[in-house]
Structures are given as structure tokens and as C-alpha cells.
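For reference, the chains in residue letters:
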Number of protein chains: 2
Amino acid sequence: MPSPLINSLVEALRILPGVGPKSAQRMAYYVLERNRKGGDKLAYALQQAIEKVGNCAKCRDLTEAEVCGICSSPRRLQHELCVVENPTDVTVIEQSGIFKGVYFVLMGHLSPIDGIGPQDLGLDILKARLVEGEITEVILATNPTVEGEATAHYIQQMAKDAGVAVSRLAQGIPMGGELEYIDSGTLSQAFAGRKTV
Amino acid sequence: MPSPLINSLVEALRILPGVGPKSAQRMAYYVLERNRKGGDKLAYALQQAIEKVGNCAKCRDLTEAEVCGICSSPRRLQHELCVVENPTDVTVIEQSGIFKGVYFVLMGHLSPIDGIGPQDLGLDILKARLVEGEITEVILATNPTVEGEATAHYIQQMAKDAGVAVSRLAQGIPMGGELEYIDSGTLSQAFAGRKTV
Ligand SMILES: [Zn+2]
Ligand SMILES: [Zn+2]
């Protein structure tokens, strides 16, 4: 009923997670009635990020650089590698301040049903890094879900084959929980109480 | 800690109503990890709407046309004018299907404290239309809040001065409520039970 351009904007906003038809409409009107400057900035920020943010060549985390800030930092322990499912997990662990090593971001987990195999998670890259010899410890921080556990198990085997020590975050993470919703305190416990597997 | 471009995107998303730091981050990662095409579409829809959507010359509602679809429709009763605060209110009333006339959208309400006077609400345009003679009835549908009532009162006087009948939506709208959150049934009642003021 309103203008086609407003309808298109409402539709487009609905791609965002957690945004239903009502809130999409509220957002569209808010931008057009009260904050066109903010809307312009948002459009620009989206385009810039989409165009320029890719994956780190070493850890696969999202970055606009060839190699991300953590992988290229001399202040990080480059021999200690924490494997996580998503970039959000890196942010959560960084906020806790408990970990001084580097990451490997799978961008998902093994899921044969969805056709997601080792290649899709960059496990060939990870394997090459493990064989290389710089990494001495792998900390598995995939989510404690069925898929996360299966993925952890796969990587555990890979690390053992390469002769690299492996541990798994254990204490404090509730079963079935997702890493990104866990507080720093619980996370610190999980790091401190990690077990060799 | 992540890339500056991701940070800018997270910041930009926070202008949207109801989006806090956590959901902004989730949205940014979602777009970059899983839906870059949707993100591109959103950026384009924002730019198009911001560039091309303006206000209807007759009713001030948001539209990309000179005069909006409702104001230019031969199937609408052009002599019956419903005054609302926001474009969202037009959408809500249209969804109820109870009203066949046209609208005047104030884009706010009188608020001396915020320096919002009659001019800012386009009341000079409304006055000119009332004096013109085409409109025979004004239905006041501003929100039943203190400011909404004061605005209604002001327009009521204006309509009376121009010799135009005025009514105010009454039954069914809870005090202090906002029009955009009201269901169609309640709204139908409010239209049917409107009183001449
Ligand atoms: Zn990296
Ligand atoms: Zn119009």
C-alpha cells in the first residue's frame, strides 16, 4: 500500500536476523522520517564491508587484510592454536582476555546432512599448518553440540596424527550451549580446566 | 578487535531502532558470513529509498511520487480527511480497511518543549486545504497522549474556523496507547464510535 521503494526497503531489512515484518517496517520508517544520514552511513558501511572483508589467509577469520591482526601480531603466542566455529566466538574469547594464542576459524562445523565436509571448513589448511610444526598445542573450542563434538573429534585425530598436543575446553560450558552466549567468567574456567584429549 | 570495516558496520547497524551492540554484531557477522547478496540488496534499497522517497504534496505521507497513491486515487473519498501523526498510522488504518477517505500526516505532534510548532507539522498546508472547501469532514486520529490531544485540539479549532465538521476517534483506544500497536478490531470500533467534537 505505501510506496514500492519503502516496500523494497522493508523486505530488504528482513534478511537481518531477528527482524520480523513489524520491526522491519518500524526501521524503514525510522530511517526515512528521522535518520536519513544514519541510513546513508549504514548503506555505505554495508557496501564497504561486503566488498572488502574477506578471510584471513592463516586463520580464516573475517578481515579486510591479507592476514588478520591476531595472526600477524608478535605479541600473540603463535604456537598455541584455538579452533572455533565462528568469528563471533573469537570476539567472545578475546573479550574474556584469557587466551594469548592464535585462532583457527572453521566458519561452521562438520555436517554431512548439509554437505559440509572437512574441505568446507578449511581443514586442509589447518592440516598443513599442523604438519608445518610451528603449532605445539591445539585447543578445541567448538560448540558442545553433537556437530561441534564430531568436528572436535575429527580435528583431534588430525592433530594426533601430526604429533601435536590437543585439549578440549571442558568445565563451565553447559551441554547444548553455544559459545557466543557464554560469559567471560565461565569461559575463563573452561580455559583453565581444559583437559588433554 | 576485529577489522575496522566490521566495526563500522556494527556501529552503523546500531542506528536502527531496537538494535543493541549484541544484535548489531550478530547482524554484521550474519551478512558477511552467510548473506552478502542480501546485504547488497539492503544497501541498495536504503540508498534508493533515501534518495527518492519524499513527502506527498497533499498529505505529507512518505512517497516517491509527487502525490501519493491514496491522495490521487479516484476510489477514495477525497472529502473525508483523517489526520494522523505518522506514516505507520496510515498503514495500520489501511490494514483495518475501515476508512475510505484520505489522510493528512503530521509527521509528529505539537511539542513546544522540542520547538515543534504548527509550521513543522504542515498545519499551514492543512489550513489551506480546509479553507479550499473540498474537505467536509476531519477525523482526528492523533495518539491519545497529552501531546496528541493538544495537537487534536489545535486542529479541531482550525477546522471549526473553516466551517468543517470535526470528529475524534474515541472508543476503543486505550489512554496513553499508541495507534500503531492497536489491532484492527479495536480500530474499527474507534472509527465507528467517533464523536463530533
Ligand atoms: Zn588470522
Ligand atoms: Zn498523499
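Counting restarts for each chain, with residues numbered from 1 along the sequence as it is written. Going through the entries in the order they are written, you letter the chains from A and number the ligands from 1. Totals for whole chains, interfaces and linings use every residue, but because this is a predicted model, local features are given only for residues with pLDDT of at least 70 and side-chain atom pairs only at 80 or more, for both listing and counting. Each side-chain value is derived from all of the structure's non-hydrogen atoms; neither hydrogens nor water enter the calculation.

An unreviewed UniProt entry annotates chain A as Recombination protein RecR of Thiosulfativibrio zosterae. UniProt positions are given in the numbering used here, feature names are shortened, and annotations may be inferred rather than shown by experiment. UniProt lists a comment for chain A under the heading Sequence similarities (unreviewed entry), and it reads "Belongs to the RecR family." The annotation that UniProt attaches to chain A under Function (unreviewed entry) is "May play a role in DNA repair. It seems to be involved in an RecBC-independent recombinational process of DNA repair. It may act with RecF and RecO."

Undergrad: Which residues make up the overall build of chain A, and what values do they have?
TA: Strands here are runs of E lasting at least two residues and helices are runs of H or I lasting at least four, both read from the DSSP assignment and numbered beginning at the N terminus. Each helix and strand in chain A was counted, giving 7 helices and 7 strands. Partly exposed describes any residue whose relative accessible area lies between the buried limit of under 20% and the exposed limit of over 50%, with all areas from a 1.4 Å probe on protein chains only and scaled to the type maximum. Going through the 197 residues of chain A one by one, you find that 53% of them count as buried. In this description, contact between two residues means that some pair of their heavy atoms is separated by no more than 4.5 Å. Here the analysis covers contacts within chain A between residues at least 6 apart in sequence; of these, 55% occur between residues at least 24 apart. Here the open area of atoms and residues is found with the Shrake-Rupley method and a 1.4 Å probe, where only the protein chains shown may cover a residue. Just so you have it, chain A exposes about 9,100 Å², and 53% of that area is on carbon and sulfur atoms.

Undergrad: Kindly report on the coordination of the zinc ion (ligand 2), identifying the contributing residues and their values.
TA: All names here are of chain B. Counted as donors are N, O and S atoms no farther than 2.8 Å from the metal, or 3.2 Å for Na, K and Ca; water is not among the atoms, and sites may therefore look incomplete. For the zinc ion (ligand 2), every protein donor is listed as Cys56 (SG), Cys59 (SG), Cys68 (SG) and Cys71 (SG), and the spread of their distances is 2.3 Å. Between the 4 donor atoms coordinating the zinc ion (ligand 2), the angles at the centre fall across 105 to 118°, so the site counts as tetrahedral. Donor residues binding the zinc ion (ligand 2) come from one chain and are separated in sequence as C-x2-C-x8-C-x2-C. As far as burial versus exposure is concerned, Cys59 and Cys68 are alike and both buried. Site shape is set this way: if four donors have all angles between 85 and 135 degrees, tetrahedral; if opposite donors are over 155 degrees apart and all others between 65 and 115, square planar for four donors and octahedral for six; otherwise irregular.

Undergrad: Residue-level account of the UniProt feature "zinc finger region: C4-type" (unreviewed entry) in chain A, with values.
TA: The positions UniProt marks with the feature "zinc finger region: C4-type" (unreviewed entry) are residues 56-71 of chain A. In this annotation, residues 56-71 of chain A is assigned 0% helix and 12% strand; the end-to-end C-alpha distance for the span is 8 Å.

Undergrad: Mind laying out the interface of chain A and chain B, listing which residues take part and the relevant values?
TA: Taken together, the 49 residues of chain A in the interface contact 50 residues of chain B. Both sides of the chain A and chain B interface together cover about 4,800 Å² of buried area, and 71% of this is carbon and sulfur. Polar contact is defined as a pair of N or O atoms within 3.5 Å, subject to the rule that within protein one atom must be able to donate a hydrogen and the other to accept it, and that residues adjacent in sequence are counted only when both atoms are side-chain atoms. The interface formed by chain A and chain B includes 11 residue pairs in polar contact (both at pLDDT 80 or more). For the side of chain A that touches chain B, the secondary-structure elements that each account for two or more residues are α1 (4-13), α2 (21-34), α3 (36-52), β2 (62-63) and α4 (87-96) of chain A. Examining the composition of the side of chain A that touches chain B, we find that 14 residues originate from one element, α3 of chain A, more than from any other. In short, buried area is how much 1.4 Å probe accessible area vanishes from two parts on joining, totalled over both.

Undergrad: Report on the domain arrangement of chain A, specifying residues and quantitative values.
TA: Throughout, the edges of the domains are those of an automatic or database domain assignment. Taken as a whole, chain A is organised into domain 1 (4-52) and domain 2 (70-168). Measuring from the centre of the C-alpha atoms in domain 1 of chain A to the corresponding centre in domain 2 of chain A gives 35 Å.

Undergrad: Please provide a residue-by-residue account of the nonpolar core, values included.
TA: In this description, a nonpolar core means a group of buried Ala, Val, Leu, Ile, Met, Phe, Trp, Tyr and Cys residues linked to one another through side-chain atoms lying within 4.5 Å. Judged by nonpolar contacts, the single largest core of 44 residues is most densely connected at Leu9, Leu13 and Leu16 of chain A together with Leu9, Leu13 and Leu16 of chain B. Breaking this core down by element, the ones donating at least two residues are α1, α2 and α3 of chain A together with α1 (4-13), α2 (21-34) and α3 (36-52) of chain B. Not counting residues within four places of it along the chain, the set of residues in contact with Leu13 of chain B comprises Leu16 and Leu42 of chain A together with Val19, Ala24, Met27 and Ala28 of chain B.

Undergrad: Summarise the relation of the copies chain A and chain B; cite the residues concerned and give the values.
TA: A residue counts toward the fit only if its pLDDT is at least 70 in both copies, and the copies are then superposed by least squares on the C-alpha atoms of those residues. Between chain A and chain B, the superposition needs a rotation of 180° and an axial shift of 0.0 Å, giving an RMSD of 0.0 Å. With respect to symmetry, the two chain copies, as superposed, fit the operation of a two-fold axis. Across chain A, the rotation axis passes nearest the C-alpha of Ala43 of chain A, at a separation of 2.1 Å. A high fraction, 100%, of the interface residues of chain A reappear at the interface in chain B, so the copies pair face to face through one surface.

Undergrad: Lay out the coordination of the zinc ion (ligand 1) in plain terms, naming residues and giving numbers.
TA: Residue and element names in this part refer to chain A. Looking at the metal site, the zinc ion (ligand 1) is ligated by Cys56 (SG), Cys59 (SG), Cys68 (SG) and Cys71 (SG), spaced 2.3 to 2.4 Å from it. Around the zinc ion (ligand 1) sit 4 donor atoms, and with donor-metal-donor angles ranging over 105 to 116° the site reads as tetrahedral. Each donor residue of the zinc ion (ligand 1) belongs to the same chain, and together they define the spacing C-x2-C-x8-C-x2-C. Of this pair, Cys56 sits in the loop between β1 (54-55) and β2 while Cys71 sits in the loop between β2 and β3 (77-84), and the two are 15 residues apart along the sequence. Judged by its relative accessible area of 2%, Cys56 is buried. By relative accessible area, Cys71 is classed as buried at 5%.

Undergrad: Summarise the packing of aromatic side chains; cite the residues concerned and give the values.
TA: All names here are of chain A. Within 6.5 Å between ring centres, the rings of Phe, Tyr and Trp (the latter by its six-membered ring) count as paired, and their orientation is classed by plane angle as stacked under 30 degrees, edge-to-face over 60, tilted in between. Enumeration over the complete set of coordinates arrives at 2 aromatic pairs over all chains. Note on Phe99 and Tyr103: the rings are 5.3 Å apart at their centroids and 65° apart in plane angle, and the pair reads as edge-to-face. Like Phe99, the residue Tyr103 is buried in the burial classification.

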